[in-house]
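# Tertiary structure, described
Take a look at the letters that make up each chain.
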Amino acid sequence: MSYEYYRRGRNWFTAIGVLFCVMGGIVLIQQLLIWGPEFVEEFLINSDFTNEKVSAAMIAFGIFMIVLGFRKHGQKR
């Protein structure tokens, strides 16, 4: 394989990031379907530690991992 070509995004950082985004998204969509947007919004902005906040943090961490997976790597020589 050529050292000039690096398969961007095909590493475990991207895979874990997508996994976290999907898991957090499933929980948020489930809560939206059960409770409705008004209640979910209230749970996101109140001061209690709720499942919706954990899901939002999982999505943020997943996006961070995807960005980390797409960073540029130095050439090996």
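Analysis parameters
- Residues numbered from 1 in each chain as written.
- Predicted model: local features only at pLDDT ≥ 70, side-chain atom pairs only at ≥ 80, totals over all residues.
- Heavy atoms only, no water.
- Helix = DSSP H or I, 4+ residues; strand = E, 2+ residues; numbered from the N terminus.
- Buried < 20%, exposed > 50% of the residue type's maximum accessible area, 1.4 Å probe, protein only.
- Contact = heavy atoms within 4.5 Å.
- Areas by Shrake-Rupley, 256 points an atom, 1.4 Å probe, with all protein chains shown as cover.
- Phe/Tyr/Trp six-rings, centres within 6.5 Å; stacked < 30°, edge-to-face > 60°.
- Axes fitted to C-alpha atoms, helices over the stretch in contact; angles between N-to-C directions.
- Parallel < 35°, antiparallel > 145°, perpendicular 65-115°, else oblique.
- Left-handed = near helix turned anticlockwise from the far one by under 90°.
- Nonpolar A, V, L, I, M, F, W, Y, C, P; charged D, E, K, R; others polar.
- Lys, Arg positive; Asp, Glu negative; His and termini not counted.
- Salt bridge = Lys/Arg side-chain N within 4 Å of Asp/Glu carboxyl O.

## Topic: the overall build of the protein
Each helix and strand in the protein was counted, giving three helices and zero strands. Its helices and strands in sequence order give the protein the pattern α-α-α, from N to C terminus. Across the 77 residues that make up the protein, the buried fraction comes to 23%. Sequence-distant contacts in the protein: of pairs separated by 6 or more residues, those separated by 24 or more amount to 74%. Of the roughly 6200 Å² of accessible surface on the protein, 67% is carried by carbon and sulfur atoms.

## Quick notes on the packing of aromatic side chains
All told, the structure shown has four aromatic pairs when counted by the stated rule. Taking 5.0 Å as the distance between ring centres and 75° as the angle between the ring planes, the aromatic pair formed by Phe20 and Phe61 counts as edge-to-face. Note that Phe20 is positioned in helix H1 (residues 12-35) and Phe61 in helix H3 (residues 51-69), a separation of 41 residues in sequence. Taking relative accessible area as the criterion, Phe20 reaches 26% and is therefore assigned partly exposed. Taking 6.5 Å as the distance between ring centres and 35° as the angle between the ring planes, the aromatic pair formed by Phe61 and Phe64 counts as tilted. One end of the pair is Phe61 and the other is Phe64, both in helix H3 and three residues apart, which spans about a single turn.

## Digging into the packing of H1 against H3
As a packed pair, H1 and H3 sit with axes 7 Å apart at the nearest point and diverge in direction by 155°. Classified by the interaxial angle, the pair formed by H1 and H3 is roughly antiparallel. Considering only the axes of H1 and H3, their crossing is left-handed. Here the residues of the contact of H1 with H3 are counted per class, giving 16 nonpolar, nine polar and one charged.

## Observations regarding the side chain of Glu52
Inspection of the secondary structure assignment puts Glu52 in helix H3. Of the buried charged residues, Glu52 lacks a salt bridge, with Lys53 as the closest side chain of opposite charge at 8.4 Å. When sequence neighbours within four positions are dropped, the list of residues in contact with Glu52 reads Leu28, Gln31, Val40, Phe43 and Leu44.

## A few points about the side chain of Gln31
Tracing the backbone shows Gln31 in helix H1. Among the residues examined, Gln31 registers a relative accessible area of 13% and is labelled buried. Setting aside chain neighbours within four positions, we find Gln31 in contact with Gly36, Val40, Asn51 and Glu52.

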